[in-house]
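Fold and contact review
Residue strings, one per chain:
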Amino acid sequence: MGRGKFKGKPTGRRQFSTPEEILAGTSANRPRTFKKEEAEVTEAERLDEEGSEQESKSKGTRGLIEIENPNFAKPKNSKALDNDLERTTELSRREREEIEKQRAHERFMRLQEQGKTEQARKDLERLALIRRQRAEAAKKRKEEKAAKEMKKEAHN
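Residues numbered from 1 in each chain as written. Predicted model: local features only at pLDDT ≥ 70, side-chain atom pairs only at ≥ 80, totals over all residues. Heavy atoms only, no water.

1. Quick word on the overall build of the protein chain
Counting secondary structure elements, the protein chain contains 5 helices and 0 strands. Along its sequence from the N terminus, the protein chain presents helices and strands in the succession α-α-α-α-α. The 156 residues of the protein chain split such that 3% are buried. Put simply, the protein chain shows about 16,500 Å² of open surface, and 51% of that area lies on carbon and sulfur atoms. (Helix = DSSP H or I, 4+ residues; strand = E, 2+ residues; numbered from the N terminus. Buried < 20%, exposed > 50% of the residue type's maximum accessible area, 1.4 Å probe, protein only. Areas by Shrake-Rupley, 256 points an atom, 1.4 Å probe, with all protein chains shown as cover.)

Next up, the structure:
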């Protein structure tokens, strides 16, 4: 019987448990006493923890005095903590320039809306010219249309 491309291990084939075995708890992969063993381990750990707490409290003056390790180097953030609290933060050149640029843009846009800048005046003049041209073109079309109607009536 062909086994395909991959051969199984020589130690044996896989044994899959059926749904009935899983429900019954008699799976081939798991020992029957797994839950009992796990319960024993957790009980032993709990007892060890309780015992270690009592030992640490009772040993000499350790319970009374907290001793820090002198070799433990605490990270120093002197720049962030000490210096900044004493004086207000000064902005860097780039930050200052960015803020100035934003303010100038906002001021320009306000003036632009009010029509006080050169560019705004030119735009308004251009718009007025375009409106006049469109109005004249519409008037011409109306006149031509009226003239055509008059000619039609004259021919009939």
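2. Considerations on helix α5 (residues 118-155)
Taking 1.5 Å per residue, 38 residues should reach 56 Å; α5 reaches 56 Å between its end C-alpha atoms and fits that length. With respect to burial, α5 is a largely exposed element, only 1 of its 38 residues being buried. (Expected span 1.5 Å × (residues − 1).)

3. Thoughts on the confidence of the model for the protein chain
This prediction gives the protein chain a mean pLDDT of 76; 58% of its residues lie at or above 70. By mean pLDDT, helix α3 (residues 78-86) is the weakest element of the protein chain at 57, and α5 is the strongest at 93. (pLDDT = per-residue confidence, 0-100.)

4. Quick notes on helix α4 (residues 93-114)
Helix length check: α4 (22 residues) gives 32 Å between terminal C-alpha atoms against 32 Å at 1.5 Å per residue, within 8%. Backbone geometry just after α4 places G115 at a positive phi near 80°.

5. Quick look at the pattern of salt bridges
Following the criterion strictly, the structure yields 3 salt bridges and no others. Across the salt bridge formed by E118 and R121, the nearest N and O atoms sit 3.6 Å from each other. Pair noted here: E118 and R121 are both in helix α5, with a separation of 3 residues, about one helical turn. Judged by its relative accessible area of 42%, R121 falls in the partly exposed class. Between R126 and D123 there is a salt bridge whose closest N-O contact spans 3.1 Å. Linking R126 with D123, this pair stays in helix α5, spanning 3 residues, or about one helical turn. For R126, a relative accessible area of 47% corresponds to the partly exposed category. (Salt bridge = Lys/Arg side-chain N within 4 Å of Asp/Glu carboxyl O.)

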